[in-house]
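# Structural characterization, general
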Amino acid sequence: MYPAYSLAYALVLLLSLPYWLLGMLRAGKYRAGLRERLGSVPARLKRPHAGEESIWIHAVSVGEVLAVSGLVDALKAGSPEVRIFVSTTTLTGQKLARDRFGEHNVFYMPLDLPFAVNAFLSAIRPRMLVLAETEFWPNVIRLARSRGAAIAVVNARISDRSLPGYRRFRGLLRRVLANVEIFLAQTEDDRERLIAIGAPVGRVHVCGNLKFDTKAPAESALARSLRQVLAPRQHLIVFGSTVEDEEVLLIPCFKAVLSDFPQSLMILAPRHPERCDAVADLLRSSGLSFWRRSAWAGTALVRGVLLLDTIGELASVYSLAAISFVGGSLVPRGGHNILEPAQFGKPTLIGPYYENFRDIVHAFLASDAVRVVSPEQLPSAVLHLLRSPQEATQLGSRALSVVEQGRGSTQRTLAVLRDLLERSPHEIPEMSAPRA
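Residues numbered from 1 in each chain as written. Predicted model: local features only at pLDDT ≥ 70, side-chain atom pairs only at ≥ 80, totals over all residues. Heavy atoms only, no water.

## Quick word on empty space enclosed by the protein
- All chains considered together, the criterion is met by one cavity of 30 Å³ or more.
- There is about 90 Å³ of room inside the largest cavity.
- Every residue lining the largest cavity is counted, 14 residues in all, and those nearest its centre are Arg-157, Gln-186, Asn-356, Phe-357 and Arg-358.
- Ranked by the residues each element gives to the lining of the largest cavity, the list is headed by helix H16 (residues 358-366), at three residues.
- Taken together, the residues that form the lining of the largest cavity break down as three nonpolar, four polar and seven charged. (1 Å grid on protein atoms, 1.4 Å probe; cavity = no way out; pocket = protein on both sides within 12 Å on 5 of 7 lines; lining within 4 Å. Points joined across faces, edges and corners; volume = space filled by probe spheres on them. Helix = DSSP H or I, 4+ residues; strand = E, 2+ residues; numbered from the N terminus. Nonpolar A, V, L, I, M, F, W, Y, C, P; charged D, E, K, R; others polar.)

## Describing the nonpolar core
- Of all hydrophobic cores here, the largest spans 37 residues; its most connected members are Trp-56, Phe-136, Phe-183, Leu-194 and Ile-197.
- Sort the elements by how many residues they give to this core and helix H6 (residues 114-124) lands first, with five residues.
- Leu-265, Leu-314, Tyr-354 and Ile-360 belong to the second-largest nonpolar core, a separate cluster that totals 34 residues. (Core = buried A, V, L, I, M, F, W, Y, C linked by side-chain atoms within 4.5 Å. Buried < 20%, exposed > 50% of the residue type's maximum accessible area, 1.4 Å probe, protein only.)

## A word on the sheet that holds strand S7 (residues 204-206)
- In space, the seven strands of this open sheet follow the order S3-S2-S1-S4-S5-S6-S7, with parallel pairing throughout. Sheet topology places strand S3 (106-108) and S7 at the edges, where each strand pairs with a single neighbour. Here the strands of the sheet are splayed against their neighbours by 20 degrees on average, with no regard to which way each runs.
- Pairing of strand S4 (residues 128-132) with strand S5 (residues 150-156), which is carried by five bridges, proceeds in the parallel orientation. In the sheet register, Ala-132 faces S5, and the bridge partner there is Val-154. (Pairing = 2+ DSSP bridges. Axes fitted to C-alpha atoms, helices over the stretch in contact; angles between N-to-C directions.)

## Here's the deal with the packing of H6 against helix H7 (residues 138-146)
- Across the interface, H6 lies against H7 with an axial gap of 10 Å and an inter-helix angle of 45 degrees. With respect to each other, H6 and H7 are oriented oblique. Here H6 and H7 pass one another in a crossing that is right-handed. Each of Pro-114, Val-117, Asn-118 and Leu-121 in H6 lies in contact with H7, whose residues at this interface are Asn-139, Val-140, Arg-142, Leu-143 and Ala-144.
- Tallied by class, residues from the contact of H6 with H7 come to six nonpolar, two polar and one charged. (Parallel < 35°, antiparallel > 145°, perpendicular 65-115°, else oblique. Left-handed = near helix turned anticlockwise from the far one by under 90°. Contact = heavy atoms within 4.5 Å.)

## Description of the pattern of salt bridges
- Per the stated rule, a full pass over the model turns up 21 salt bridges.
- Of the charged contacts, one joins Glu-133 and Arg-157 as a salt bridge, the two residues approaching to 2.9 Å between their closest N and O atoms. Here Arg-157 lies in the loop between S5 and helix H8 (163-168) and Glu-133 lies in the loop between S4 and H7, a separation of 24 residues in the sequence.
- A relative accessible area of 4% places Glu-133 in the buried class.
- A salt bridge links Asp-260 to Arg-387, with the nearest nitrogen and oxygen atoms 2.2 Å apart. Pair noted here: Asp-260 is in helix H12 (residues 247-260) and Arg-387 is in helix H17 (residues 378-387), with a separation of 127 residues, a long-range link.
- A residue is classified by how much of its surface remains accessible, and Asp-260, at 38% relative accessible area, is partly exposed. (Salt bridge = Lys/Arg side-chain N within 4 Å of Asp/Glu carboxyl O.)

By themselves, these observations are geometric and do not establish any function.
This is the structure we're talking about:
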């Protein structure tokens, strides 16, 4: 199976090469880390000494890096002699991981081809491979297992969108998942879905969602500057993690807010920074006043939009918001993480497309801690909360309570991983794990 998979995977990469090249030429996408993706171990990576144990944790992007950060810290505290390496797939995830864990411990995930994967396995010699959420790369899992590494999937979830595809290849996927010792699912639904796609029943357990344990970020330079220039009663509305075709739907909301609350400031943070030029053109054509964060020198901001064209500053800016909106949800993109504003007790709105965070959103809806609105409803929903500050405060307070009730997954996950590390490398036990 694996030679056939590797051949098919390489063929797909070859056939899609024009797409990748076009992305590199147009916006510089995919260029970062290209050598590492092809199996070139960077000189900056501090390899473990002879006899020194290591753990490899893979976190795709920013959300996963934030989710595993507490787990990495706990593993380091409990086993300071063990080296922990973190790989990511995206540029934004890579930048955040290097900032949090040090560039000598962080690298780009290699392509799932034996020559690329083996280069990193030989360099870091992991005692354990930890995959965050649903990164089921057949060669990575098989080759790590063949070298004696324990394999764990943490914070596991199966989205509505990916479930049919996984089921279609269940027969092949079962052979891949047989190499995984433990799956720690976010919810009971995720546990059932993992079993449905081929994970062994006795190895799948519910452990909660690591994202609830994510620590609130330290105040960024932007948040400090905004705190200095915002007037006492000036409303700040943050529209975070927006995606293509979504910003145009937000323009009527921006204009409605400025019409009724002319001193307000909107912060608009596109999910992908390379789109900021296109978003700036859209704001310019709409007639709205706007400033780009990268060019803002700390002057007063009023009656307009601050376009956040930098990386890593959105999460702390939520702390200043009167109201927050989390994007990727007005158009069918699956939504983004509403825990970022909720951990600051901020009233939060989202659109109707949130399937990627289905269980988190349902937990908030059950406590009336988030509002789901359509593009047409968004302006009136924002204005209603601005006119009803007590209702907005209560909505934010309920959101913070949901976050606090959901915490604890990191310690449960840590206990399972430590138990797994103590076992024989080739023993695959039917483990009993703590439940969320």
